[in-house]
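# Descriptive structure summary
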Amino acid sequence: MEWNFQTAEELAAALRAGEVTSAELTDEAIARIERDDEAINAICTPDFDRARAAALGADQARARGEDRPLLGIPVTVKESYNIAGLPTTWGRPQHRDYIPAEDAVQVSRLKAAGAVVLGKTNVPFGLQDIQSFNEIYGTTNNPWDHGRTSGGSSGGSAAALASGFGALSIGSDLAGSLRTPAHFCGVYAHKPTLGLAANRGMVPPLTPALPVDLDLAVVGPMARTARDLTLLLDVMAGPDPLTLGVAHDLTLPPTRHERLCDFRVLVLDEHPLIPTGSAVRAGVNRVADALVDGGARVERHSPLLPDLTEAAVLYTQLLGSGARFPVEMYEQLRTRAAGLSTDDRSLDAARLRGLVFSHRDWIEANSRRELHRHGWRQLFAEFDAVVCPVTPTPAFPHDHNPDPGERRLDIDGVEYPYFDQLVWAGVATMPGLPATAIPAGRSPEGLPVGAQLIGPMFEDRTPLRLAELLERRIGGFQVPK
């Protein structure tokens, strides 16, 4: 039997039934990587010897009567997570030889759950791109079209899943880095509520692995089905045992509804700052039609929706405010920002202003964010989820122009600034909401198209359940042709 494209849930059942061993699953996954990954370049750091040893250990544990959520299941891990004994480079050539001594907390949780780690997946330089390429490991190609990107920064993980290289993967998301690769490669991803999953050890090379509270950024699961996302989120979720975990246990609320007909959903397919391409709009509408056919209450407009233009500007500023620069570069940026016209309300201007935010500026921006969060609480009193695009287009052709400011995104024949496509990711990221990326069909060119389901804060099970119900109606992952 071909196991590589079976779900984690199916593999777990087969392992429990004795139909297959972890050693067999692991050998089959490694064989597929060795056969197919030269063309995809998703697995940047294989760890096959330790994977085979872990698989043998999983089989021995099962023979002793043990059973854990991921016992014996082959998985991959985004390169940016520390794994003891493997390089953590974030795609930066100067750190190609950096090897951390300890596992990231999420890697520890994977191993404690019994997962078999096959290796690490590729990322862009510094995790700072919507593509995954760097000087150390090269370019990760989209499994559906090798001339196009797999997305970023969790592009290696999405490409690995779409190619059958392991049943699950873990990534991270600051600017759509889980959701965009999932959308581009036709798989599933979940951006958890901000702070839901501990992030310690998902840090740049040489940075101490401390239990810090990140702003905007989260770690989260990727899979080929919605149910597998939930399975992996249950492993990942929970506070850091060094801080809040000392006194707190996590209990996520159940999904608001079990049946599709009980959901109240707001569907958005237009953003005031960037158009939605026809292929993506068709995907969102495919989801909307499935909701209507399933009896859900679907609306296209609501006065409760926080202002998307203000949200995009605020998100862009907060996103830039986390950057660090040498003093000389910072002063140059301050000079450029001071020279901006007060009438310049472009996202490029917001990005530049955010890069030189003072602490006072950030406090003011954060206060405005809290108003948006309250607006979302009011909206989710009337709706259970919001459906919208992940980005305006399917996967675009590789573009390695060293100056991202010169790159352009083609939306139905019209060019737009490259980073403006992030506004849809920011809809959920800025207020810290959970969002599940799901496959929503294919473009006329045969490329995957996705949508995201945004849910109420800390009610992650609600968009995940909705994703599962939609999967039954519109289909889910398909093996690339």
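Before going into details, it helps to say that this report is about the structure given with it. (Residues numbered from 1 in each chain as written. Predicted model: local features only at pLDDT ≥ 70, side-chain atom pairs only at ≥ 80, totals over all residues. Heavy atoms only, no water.)

## What to know about the packing of aromatic side chains
What characterises a pair of aromatic rings is the spacing of the ring centres plus the angle enclosed by the ring planes. Applying the stated criterion across every chain yields a total of 5 aromatic pairs. Ring geometry for W376 versus F380: centroids 5.7 Å apart, planes at 25°, classification stacked. Since its relative accessible area comes to 3%, W376 is described here as buried. Residue F380 is classed as buried on the basis of its relative accessible area of 4%. Taking 5.0 Å as the distance between ring centres and 70° as the angle between the ring planes, the aromatic pair formed by Y418 and F419 counts as edge-to-face. (Phe/Tyr/Trp six-rings, centres within 6.5 Å; stacked < 30°, edge-to-face > 60°. Buried < 20%, exposed > 50% of the residue type's maximum accessible area, 1.4 Å probe, protein only.)

## Some remarks on helix α9 (residues 308–321)
An ideal rise of 1.5 Å per residue puts 20 Å on 14 residues; α9 measures up with 20 Å between its terminal C-alpha atoms. For α9, every residue scored as buried is listed here: L308, A311, A312, L314, Y315, T316, Q317, L318 and G320. Here α9 starts with a cap whose side-chain oxygen sits 3.2 Å from the backbone nitrogen of T309, and that cap is D307. (Helix = DSSP H or I, 4+ residues; strand = E, 2+ residues; numbered from the N terminus. Expected span 1.5 Å × (residues − 1). Polar contact = N/O pair within 3.5 Å; in protein donor to acceptor, adjacent residues only side chain to side chain.)

## With respect to unusual backbone geometry
Across the junction of G152 and S153, the peptide omega takes the value 5°, indicating a cis bond. Mapping S153 onto the fold places it in the loop between β7 (145–149) and α5 (155–162). Here D412, not a glycine, exhibits a phi torsion of approximately 50°, which is positive. Take D412: it is sitting in the loop between β14 (408–411) and β15 (414–417). Positioned with a positive phi, F458 is a non-glycine residue whose angle comes to about 65°. Turning to its location among the elements, F458 is positioned in the loop between β17 (448–454) and α14 (461–474).

## Considerations on a nonpolar patch on the surface
On the surface, L210, V212 and L214 cluster together into a nonpolar patch covering about 240 Å² of accessible area. Relative to the helices and strands, V212 resides in the loop between β9 (188–191) and β10 (218–223). (Patch = residues over 30% accessible without salt bridge, like charges linked within 9 Å, V, L, I, M, F, W, Y side chains within 5 Å. Areas by Shrake-Rupley, 256 points an atom, 1.4 Å probe, with all protein chains shown as cover. Salt bridge = Lys/Arg side-chain N within 4 Å of Asp/Glu carboxyl O.)

## Observations regarding the pairing of β9
Judged by which residues are buried, β9 turns out to be covered on both faces: Y188 and H190 on one side and A189 and K191 on the other are all buried. Bridging between β9 and β10 involves 2 bridges; their strand directions are antiparallel. The partner of A189 across the bridge, within β10, is M222. One ladder, built from 3 bridges, connects β9 with strand β16 (residues 435–442); its direction is antiparallel. (Pairing = 2+ DSSP bridges.)

In short, shape yes, function no, at least from these values alone.
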